[in-house]
Structure formats: C-alpha cells, structure tokens
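Chain residues, written in single-letter form:
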Amino acid sequence: MDFTSYSNGSTDRRVMVRLRGIKKSFGKREVLRGIDLTVFRGEHVVIFGPSGSGKSTLLRTINLLEIPDEGTLEVVGTQYWPPSSRFTASRKITELRRFVGMVFQQFNLFPHLTALENVALPLVRVKHISRKEAEEKAAEMLKRVGLLRWAAYYPSQLSGGQQQRVAIARALGMDPQVMLFDEPTSALDPEVVGEVLSVMRDLAESGMTMVVVTHEINFAREIGDLNVFMENGMIVEAGGREIYEASSNPRTRQFISAVL
Amino acid sequence: MITVLSTIYDWSLIWQYRFDLLSGLEVALEVAAAALVISVVAGVIIALGRMLKPPYSWIPTLYINLFRGVPALVSVIWVYFGWSLVLGINFTVFEAGVIALSLLYSAFLAEIFRSAFLAIPKGQWEAGAALGMGKLTVFFSIILPQAAKIALPNVGSMLIGMVKDTSTFTVIGLLEVVHVTQTIVATTFQPFVLYTAAAGLYVMVAFAFDYIFRGLEKTLSVPPTGSIAKLLTSRKIRRVERIVEKKLAEETI
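Rules behind the numbers
- Residues numbered from 1 in each chain as written.
- Chains lettered and ligands numbered in written order.
- Predicted model: local features only at pLDDT ≥ 70, side-chain atom pairs only at ≥ 80, totals over all residues.
- Heavy atoms only, no water.
- Contact = heavy atoms within 4.5 Å.
- Buried area = accessible area lost by both parts, 1.4 Å probe.
- Salt bridge = Lys/Arg side-chain N within 4 Å of Asp/Glu carboxyl O.
- Polar contact = N/O pair within 3.5 Å; in protein donor to acceptor, adjacent residues only side chain to side chain.
- Helix = DSSP H or I, 4+ residues; strand = E, 2+ residues; numbered from the N terminus.
- Nonpolar A, V, L, I, M, F, W, Y, C, P; charged D, E, K, R; others polar.
- Patch = residues over 30% accessible without salt bridge, like charges linked within 9 Å, V, L, I, M, F, W, Y side chains within 5 Å.
- Areas by Shrake-Rupley, 256 points an atom, 1.4 Å probe, with all protein chains shown as cover.
- Lys, Arg positive; Asp, Glu negative; His and termini not counted.
- Charge placed at Lys NZ, Arg CZ, Asp CG, Glu CD.
- Pairing = 2+ DSSP bridges.
- Axes fitted to C-alpha atoms, helices over the stretch in contact; angles between N-to-C directions.
- Buried < 20%, exposed > 50% of the residue type's maximum accessible area, 1.4 Å probe, protein only.

Engineer: Before we move on, can you summarise the interface of chain A and chain B with the specific residues and values?
Structural biologist: Each side of the interface is counted separately: chain A has 37 residues, and chain B has 28 residues. Between chain A and chain B, the buried area comes to about 3,000 Å², and carbon and sulfur atoms account for 63% of it. Where E135 of chain A meets R239 of chain B, a salt bridge forms, and the shortest distance between an N and an O atom there is 2.7 Å. The interface formed by chain A and chain B holds ten residue pairs in polar contact (both at pLDDT 80 or more) in total. Contributing elements (two or more residues each) for the side of chain A that touches chain B: helix 2 (89-98), strand 6 (100-103), helix 3 (115-125), helix 4 (131-144) and helix 5 (160-173) of chain A. For the side of chain A that touches chain B, the element with the most residues is helix 4 of chain A, which contributes six residues. Residue composition of the side of chain A that touches chain B, by class: 18 nonpolar, seven polar and twelve charged.

This is how it looks when you write it as structure tokens:
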C-alpha cells in the first residue's frame, strides 16, 4: 500500500524520499513491519502515534541512523539502501546525510562549542569551507532562527527552546533538501514550545520538504500535507488534514481524541 | 632527648645537597613527562581498540589486563635487561624507564579514556553522523574534546603515580631522586634526613600537579572560567561578536 495519493496539490511531483517494504527488528521485537512511504518535494509529512509505534525508528531510517533489515530507501533519485556495493556503503550513507538534515528530541548540540561554532563546525568539517565563511553563514542561520545575539553563548547557557533553534540552524546550514524532526518539542518546557514551532512553521512556509514526528496535533493539523498514523510498526492510516477531524478509522479517532 | 636528636640528625644536609636532589627530581620528571605523552597517545588508541567488536577487542583487552598487573620495578628490569638479552636492543636507562612506564600507564590510561568516551552521550555521535561527518571527524571534533575534560583529573593522578614509580628505576641506575639519595646516604650516613627530603620532594610534586590539573580543568570547563581560559577564548569571542555586529548592522540598513 502506498500513501502518496493523499498529498496536496501545491507540491510538485518530484520524489524526495521513497521507502518501500521497510522492516526493522530490535532483537525479537519487530519495530517496523513493512512500511511504504513516499515524500514529494515541498511536502510536509507528519507522523504521529503512540510511543513504541515505531515512528522515530521510521524517521531515523530515512537518514540511515537505523539500518533497515529489509526494504529499500531512495532519496532524490538515488537508492541508498540496500547499497550497490558493501565497500562504498558507508561513503554513500555519509553522502546521503549531507542533504538530509535532522533535528533530535534532545537537541544534541555540542556542549563544548558556542552556538555559532555548533552551526559552523559541520560547514568546515563536511563542506570544507573556510572558517571565516562558515562563521558568516552560521551567523546568517542563527539570524534566521532569531538567535543571532546568542551566537557567543554555550548550549548550557541557553534555554531548551533556544537550544532546539540552534539545532535547527545547524541542520539548515548544511542546505538540506529534506529536514527530519524527531519529536522536536517533546523535551521542552511548555512555554518555549511555541518558539520552536514558529521556526518550523516559517521553514514549512519557505517550501522545505519536512518529515515531522510529533505529538503536537494542533501544529500537525496546521502544516501536515500528509498525516501518517502509526501503531505497532505499521501505518494504520494516512491522509490529508481531514484525518484529524473525521477519520474513518476508529483507532485513529481514539488516539487523536486522547492526545488533543 | 631533643638535643640528642639534633646532634644525630643533621638537617642541614638537605640544603647542602639540594642541587643533587633537585637534579634527581628533574630526571624523574623528564622520564614521567615523556612517558605521559606516549601513554596518552597509546592509551587513546588502545581504548578505541577495546571498544571495537570482538574479536578485535580481545588484543587490547589482553594488553590492558596484562600490563595493569605488572609492577614498575619488574617492567623496567624486563625492558632494560630482558629486551637487550633476547632482542639485542640496548636502551639507555632513560629510554628503558620511559618505555617501562609507558607500557604500564598506557594500559591504565586506556581504561580511563574508555570510560570517558562511554560517558559521552550516544546522541553526540548521532548528531555528528546526521550532519554528514565521518566517524573520525566526529571523534576528533566532538567526542575527544569532551572526553578529555572528563578524563583530566584521572590523568593527573596517573601522572603523580608515574613520578613515584620512577623511584624503582634506581635498580637500573637511573639518576632519579632515590638513586641520588642513596648516593648521598652512602657518604653521610643520614638516611632518615635524606629520605625525608626525598619523600618531601614527591609530595611537593603531587601538590604541584594537583594545582596544575585543577587549573586545566577549570580552563576546559564550559563556559570557560578562570583567567587563563578567558585569555585563550577572548579572541574567539571578539571575533564572534564582530560577526554578530556586522549581521545586526546589515539588518538595520
């Protein structure tokens, strides 16, 4: 089953991410039980569902932080898994990650570096641009998330919301074509959730292709072009925003009313 | 009794032989410093080896368990006499001392570094990987700087241990503190006075290293504290501030 037909008309039809028959087990526990998902350019895909449903694992499969046991992964026209040769596999994975940005639940900023250095480091080490240019670009990115004045601060001196915005700036600095968000607001105090969602909203409006795992149903309802409800390692239902108002699936309805 | 004490124990000998004692200390510090550099580099490599999947981790594990168990005295005799007999390599006493210490302390430091590496959250590796960094880049740019700070106090303790262990190298004739002391005792017959001086030197070194390593730790803390750290990072902070000011100026135009 492919859930592509639900995406809205504003996106062009260029496939950014295509997952086919993805299966993954941790030991005896089957976390993903055959997932098919296609993400088009400019589309905003929201994945929601109870904890343990496999949504984070699915997201992490897209940049191969989790290696699927079965199935194929194609990103922007290139198949990255299974690799064509096991000798080039790790190089291909690194290549894939250069244009798939990721934002983590726990931010994962580098605590020994300032906000600016956090954004500049991958530009220097991965894109191999000079430190001066990298820092200029990093400042530009921090400005975009409204944290330019905090450039010289260390993560420990920033609030959770600010840290997550630095993490978004860090990922954006690499000029990704797809952005993955793994429960970006779940570790935040309620009063700073808004500032992170607002940055994500701007990003969505700018046309970035986004895949977001979230419990923020109101936010999902706002940006979600394709909304995927997962449970027990399977996609139960996927659809447009109407899924939140009038899903035909009783389990989806039950979950949404429980979290709203 | 007190008068007897003062006539028997000639404390002025310490002052009289101060340069000999200090030259012994200098040798001990040189051996320990050279061995520290080698042990830190080797220790990092062995720690990484130990973190590989078995069977690759077996050799580093064996090395660690073997050399942590060997006393310094045995190690130096083994290197200085043993290697020259079996392999025909002749080391100077200084070289033999450095090698003997490096063999032992690279094993200790490997365990210290391993626990420091494991203390870095997995998310740091993942964040680096997700940004397209290779494993080596993540290790050197992200993991090592953080792990170094964690390992630092223990490295300081190890260094104190290394300086103390040089005392056993008197058996191969290294002119370190104990050897120098023995020589002076042989002519002055004042072991209590001179070994007290020797002990005092070791304790002084321990205090000095403790002070230095605490300073280093402070320098490496985030955000940097202490005058040295402020001095080191002030240029960086000014550079960042210039960039920020430039961007803010662009905004207002």
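Back to the text.
Engineer: Break down a positive patch on the surface for me, citing the residues and quoting the values.
Structural biologist: A surface patch of positive charge is lined by R131 of chain A together with R235, R238 and R242 of chain B. If one sorts the elements of the positive patch by residue count, helix 11 (residues 227-252) of chain B sits on top with three residues. Residue position: R235 of chain B is located in helix 11.

Engineer: Quick one: what's the story with the side chain of T181 of chain B, residue by residue and with numbers?
Structural biologist: Residue and element names in this part refer to chain B. By secondary structure assignment, the location of T181 is in helix 9 (residues 177-188). A distance of 2.6 Å separates a polar atom in the side chain of T181 from the backbone oxygen of V177. Beyond its immediate stretch of four places on either side in the chain, T181 contacts L21, L194, Y195 and A198.

Engineer: Any details on the sheet that holds strand 8 (residues 209-213) of chain A? Residues and values, ideally.
Structural biologist: All names here are of chain A. In space, the six strands of this open sheet follow the order 6-7-8-3-9-10, with mixed pairing throughout. Each of the sheet's edge strands pairs with one partner strand only, and the pair in question is strand 6 and strand 10 (234-239). Neighbour-to-neighbour, the strand axes of this sheet turn through a mean angle of 15 degrees, independent of strand direction. In this structure, strand 6 lies alongside strand 7 (residues 178-182), joined through four bridges in parallel fashion. In the sheet register, V100 faces strand 7, and the bridge partner there is V178.

Engineer: Describe the sheet that holds strand 5 (residues 78-81) of chain A, naming the residues involved and giving the relevant values.
Structural biologist: Residues and elements named next belong to chain A. Read from one edge to the other, the open sheet built from four strands follows the order 2-1-4-5, with strand pairing classed as antiparallel. The sheet is open, and its two edges are formed by strand 2 (29-40) and strand 5, each paired on a single side. Taking the axes of each pair of neighbouring strands and ignoring which way they run, one obtains an average angle of 25 degrees across the sheet. Of the pairings in the sheet, the one linking strand 1 (residues 15-26) to strand 4 (residues 70-75) comprises five bridges and is antiparallel in character.

Engineer: Mind laying out helix 3 of chain A, listing which residues take part and the relevant values?
Structural biologist: Among the eleven residues of helix 3 of chain A, nine are classified as buried, and the element is accordingly described as predominantly covered. Of all the residues in helix 3 of chain A, the buried ones are A115, L116, E117, N118, V119, A120, L121, P122 and L123 of chain A.

Engineer: With reference to specific residues and values, describe the pattern of salt bridges.
Structural biologist: Side chains that differ in charge, positive against negative, can pair when their charged atoms come close. Summed over all chains, the structure comprises 20 salt bridges over all chains. For E136 of chain A, the salt bridge is made with K246 of chain B, and the minimal N-O distance between the two is 2.8 Å. On the criterion of chain membership, the pair formed by E136 of chain A in helix 4 and K246 of chain B in helix 11 is interchain, its members lying in two chains. Overall, K246 of chain B belongs to the partly exposed group, its relative accessible area being 43%. In this structure, R241 of chain A and D225 of chain A form a salt bridge, with 3.1 Å as the shortest nitrogen-oxygen distance. Here R241 of chain A is found in the loop between strand 10 and helix 8 (242-246), whereas its partner D225 of chain A is found in the loop between helix 7 (217-223) and strand 9 (226-231), with 16 residues between them in sequence. Among the residues examined, R241 of chain A registers a relative accessible area of 33% and is labelled partly exposed.

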